[in-house]
Amino acid sequence: GQQVMQIPQYQPVQEGEDFTTYCNSSTTLSNIQWYKQRPGGHPVFLIQLVKSGEVKKQKRLTFQFGEAKKNSSLHITATQTTDVGTYFCAANDYKLSFGAGTTVTVRA
Amino acid sequence: DVKVTQSSRYLVKRTGEKVFLECVQDMDHENMFWYRQDPGLGLRLIYFSYDVKMKEKGDIPEGYSVSREKKERFSLILESASTNQTSMYLCASSALLGAGYEQYFGPGTRLTVT
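As the structure is a prediction and not an experimental result, all values here were calculated from the model.

(A) Structural detail: the overall build of chain A. When you go through chain A residue by residue, the secondary structure sums to zero helices and eleven strands. Taken from N to C terminus, the helices and strands of chain A fall in the order β-β-β-β-β-β-β-β-β-β-β. For 108 residues, the compact-globule estimate of 2.2 N^0.38 gives 13 Å, and the C-alpha radius of gyration of chain A, at 13 Å, lies within 12% of that figure. Seen through its principal axes, chain A has C-alpha atoms that stretch 40 × 25 × 20 Å. In chain A, 52% of the contacts between residues at least 6 apart in sequence involve partners at least 24 apart. On chain A, roughly 5,000 Å² of surface is accessible, and the fraction owed to carbon and sulfur atoms is 53%. Side chains of chain A carry 11 positive and 7 negative charges; the gap between the two charge centres is 6 Å.

Take a look at the structure:
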């Protein structure tokens, strides 16, 4: 399957700060999905990006698909304790290939 | 709401035992998947099935087999459990393969092989 690299692996964040997690591939992706897994929970679908340069927002979360469709990013504004968890990107051909995830912890 | 259920949340087995992990979905989805999740490695696909009795190997099928006799049920079988199969196992389903079809995950089974 397609390989996606996700950085950073761990992201400690001060409450109220912004942060970004990145997902990179050496090959062109047809589309990419993002999932969130809360501690002790299971992955839950957040969004899918399909078009080159696409930007989608969900409240304080901004998702972007690169122009070359080889990378994607998730930017969270004004981090809250509810943002704690692991965020996965997943390359989607006919099955998903998941990145290793970025685990976010929040300091109050 | 889509519901994916797994037979056990926690399971402890001995080396060499045959282990069955069961997954059931209630949304009439065509596709079902088994992943294992390990720290720092993300989710790795073991097997998936796109129809009853149909299966396809994922990225790490060695040591595992699967069975899908009914559309709603997908079983993962460890023929002879080994300690390196200690992991979190996640089942998922989706309506179709490919773009636009999100996967719905079950709660996971944490398997410990001693």
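(B) Quick look at the interface of chain B and chain A. Contacts between the two partners involve 23 residues from chain B and, on the opposite side, 20 residues from chain A. A buried area of about 1,600 Å², summed over both sides, lies between chain B and chain A, and 53% of it is on carbon and sulfur atoms. Where chain B packs against chain A, one counts zero salt bridges. Contributing elements (two or more residues each) for the side of chain B that touches chain A: β4 (31-38) and β5 (42-51) of chain B.

(C) Representation of the state of the cysteines within the structure. As enumerated under the stated definition, the model contains two disulfides over all chains in all. Put simply, Cys23(A) and Cys89(A) are joined by a disulfide, and their sulfur atoms are 2.0 Å apart. Around the S-S axis, the bridge from Cys23(A) to Cys89(A) shows a dihedral of about 75 degrees and counts as right-handed. Taken as a pair, Cys23(A) in strand β3 (residues 19-25) and Cys89(A) in strand β9 (residues 85-92) lie far apart in primary sequence, 66 residues in all. No difference in accessibility class separates Cys23(A) from Cys89(A), as the two residues are buried. In this model, Cys23(B) is linked to Cys91(B) through a disulfide, with the two sulfur atoms separated by 1.9 Å. In this structure the cystine formed by Cys23(B) and Cys91(B) twists about its S-S bond by roughly -80 degrees; its chirality is therefore left-handed.

(D) A look at the pattern of salt bridges. All names here are of chain B. Evaluation of the coordinates by the stated rule reveals eight salt bridges over all chains. Here Lys18 makes a salt bridge to Glu79, at a shortest N to O gap of 3.5 Å. With Lys18 in the loop between β2 (10-13) and β3 (19-25) and Glu79 in the loop between β8 (73-78) and β9 (87-94), this residue pair connects regions lying 61 residues apart in the sequence. Through salt bridges with shared partners, a single ionic network connects Asp28, Glu30 and Lys71.

(E) The arrangement of unusual backbone geometry in detail. Cis rather than trans, the peptide bond between Ile7(A) and Pro8(A) has omega equal to -5 degrees. Looking at the element boundaries, Pro8(A) is found in the loop between β1 (4-7) and β2 (10-14). Phi angles above zero are rare outside glycine, and Lys59(A) is one such case at about 55 degrees. Inspection of the secondary structure puts Lys59(A) in the loop between β6 (55-58) and β7 (61-65). Not every positive phi belongs to a glycine, and Asp28(B) is a case in point at roughly 60 degrees. Among the structural elements, Asp28(B) can be located in the loop between β3 and β4.

Criteria and thresholds
Residues numbered from 1 in each chain as written. Chains lettered and ligands numbered in written order. Predicted model: local features only at pLDDT ≥ 70, side-chain atom pairs only at ≥ 80, totals over all residues. Heavy atoms only, no water. Helix = DSSP H or I, 4+ residues; strand = E, 2+ residues; numbered from the N terminus. Rg over C-alpha atoms; globule rule 2.2 N^0.38 Å. Contact = heavy atoms within 4.5 Å. Areas by Shrake-Rupley, 256 points an atom, 1.4 Å probe, with all protein chains shown as cover. Lys, Arg positive; Asp, Glu negative; His and termini not counted. Charge placed at Lys NZ, Arg CZ, Asp CG, Glu CD. Buried area = accessible area lost by both parts, 1.4 Å probe. Salt bridge = Lys/Arg side-chain N within 4 Å of Asp/Glu carboxyl O. Disulfide = S-S within 2.5 Å. Buried < 20%, exposed > 50% of the residue type's maximum accessible area, 1.4 Å probe, protein only.

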